[in-house]
Amino acid sequence: MKKICHLRNAGVSAGCLAYLSVLARFLQTMIVSFLVLSIGLAEAGETEMTRVIELHLSSTSPSVAKDSLSTAPPAENTVTILSQKRTQGALPTQRNPELSRQHLVVVGLNAKGQETSRTVMLDPRIIRAETTDSSGKLISPGLLYRNDVTFSVTVPDEPGIIGLKVYQPRWTGAEYALDLIGEAKLPGGAHD
């Protein structure tokens with residue numbers, strides 16, 4: 001009888017130790033999860049609410065047929081502001097924006113023509129396409145450019161901002177140069 005009690009106690013002790021081990025791992029996981037969540041919330045909290053202008057723009061190439069596609073970006077563009085909305089919001093985070101031919105740079109300007117803000121965005125004119133050869137075999141993907149596109153961009157509502165310039169980056173062999181593809185005045189002029 002003594003041996004049975006001893007075995008039962010040993011079984012209970014082993015069960016308790018296993019339970020404590022699982023509980024310890026669970027608590028450890030919960031603490032790590034809490035820390036990761038806290039850090040994530042702190043980073044999310046870094047996104048500061050500020051005054052922004054949400055712009056809906058149109059870019060058209062007047063010398064090319066509407067809805068046509070080309071393998072190179074349109075040489076001529078007319079940028080038009082279709083609508084604007086001043087509001088509280090958060091700007092897209094651009095920790096280390098790197099330029100490429102597949103981006104546009106939108107620059108806010110004040111009345112003196114000085115830059116007030118700079119936003120890098122993917123070029124909305126680009127369509128990634130896959131084509132086939134005469135036998136139906138896929139050819140490597142390429143880029144096609146729409147000659148008529150509407151898109152949205154959010155810029156800081158800086159005091160004195162009256163207009164925008166839109167640039168297309170071009171690689172010179174050593175660095176990116178910015179080629180102006182269009183500009184537009186903000187409806188209603190400056191906002192202080």
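Computed from a prediction, not measured in an experiment: that's the story for all the values here.

> Quick one: what's the story with the packing of aromatic side chains, residue by residue and with numbers?
In total, this model carries 1 aromatic pair according to the counting rule given. Relative to Y176, the ring of W171 lies with its centre 4.8 Å away and its plane at 65 degrees, an arrangement referred to as edge-to-face. Taking the relative accessible area as the measure of exposure, Y176 reaches 29% and is therefore partly exposed.

> Break down the confidence of the model for the protein for me, citing the residues and quoting the values.
In regions of low pLDDT, the predicted coordinates are not meant to be interpreted in detail. The predicted model of the protein has a mean per-residue pLDDT of 78, with 71% of residues at 70 or higher. When mean pLDDT is taken per element in the protein, strand β4 (residues 103-109) scores highest with 94 and helix α1 (residues 2-45) scores lowest with 56.

> A description of the pattern of salt bridges should follow, citing residues and the corresponding values.
Counted by the stated rule, this structure contains 4 salt bridges. Across the pair R118 and E115 runs a salt bridge whose closest N-O atoms are separated by 2.9 Å. A salt bridge links R125 to D123; the nearest nitrogen and oxygen atoms lie 2.7 Å apart. A single burial state applies to R125 and to D123, both of which are buried.

> Run through the environment of D179, naming residues and quoting values.
Here D179 lies in strand β10 (residues 176-185). Here D179 falls in the partly exposed class, since its relative accessible area comes to 27%. Distance in space between the C-alpha atoms of D179 and P169 is 6.2 Å, their sequence separation being 10 residues. Look past the residues within four positions of D179 in its chain and what remains in contact with it is V166, Y167, Q168 and R170. A distance of 2.7 Å separates polar atoms of two side chains, one belonging to D179 and the other to R170.

> Before we move on, could you go through the sheet that holds strand β3 (residues 78-89) and cite the residues and values that matter?
Strand order across the open sheet formed by 3 strands is β3-β1-β8, with antiparallel pairing between neighbours. Edge strands, defined here as strands with exactly one partner in the open sheet, are β3 and β8 (148-156). For this sheet, the mean angle separating the axes of adjacent strands, direction not counted, is 20 degrees. Sheet topology note: the strand β1 (residues 50-60)/β8 ladder contains 9 bridges and is antiparallel. Paired with L55 across the strands is V153, a residue of β8.

> Give me the lowdown on the sheet that holds β10, citing residues and values where you can.
Read from one edge of the open sheet, 4 strands run β5-β4-β9-β10, paired in antiparallel fashion. Whereas interior strands pair on both sides, the edge strands pair on one side only; in this sheet they are β5 (115-122) and β10. Across the sheet, the mean angle from the axis of one strand to that of its neighbour is 25 degrees, orientation sign disregarded. Here strand β9 (residues 163-171) pairs with β10 via 9 bridges, running antiparallel.

Cut-offs used in this document
Residues numbered from 1 in each chain as written. Predicted model: local features only at pLDDT ≥ 70, side-chain atom pairs only at ≥ 80, totals over all residues. Heavy atoms only, no water. Phe/Tyr/Trp six-rings, centres within 6.5 Å; stacked < 30°, edge-to-face > 60°. Buried < 20%, exposed > 50% of the residue type's maximum accessible area, 1.4 Å probe, protein only. pLDDT = per-residue confidence, 0-100. Helix = DSSP H or I, 4+ residues; strand = E, 2+ residues; numbered from the N terminus. Salt bridge = Lys/Arg side-chain N within 4 Å of Asp/Glu carboxyl O. Contact = heavy atoms within 4.5 Å. Polar contact = N/O pair within 3.5 Å; in protein donor to acceptor, adjacent residues only side chain to side chain. Pairing = 2+ DSSP bridges. Axes fitted to C-alpha atoms, helices over the stretch in contact; angles between N-to-C directions.

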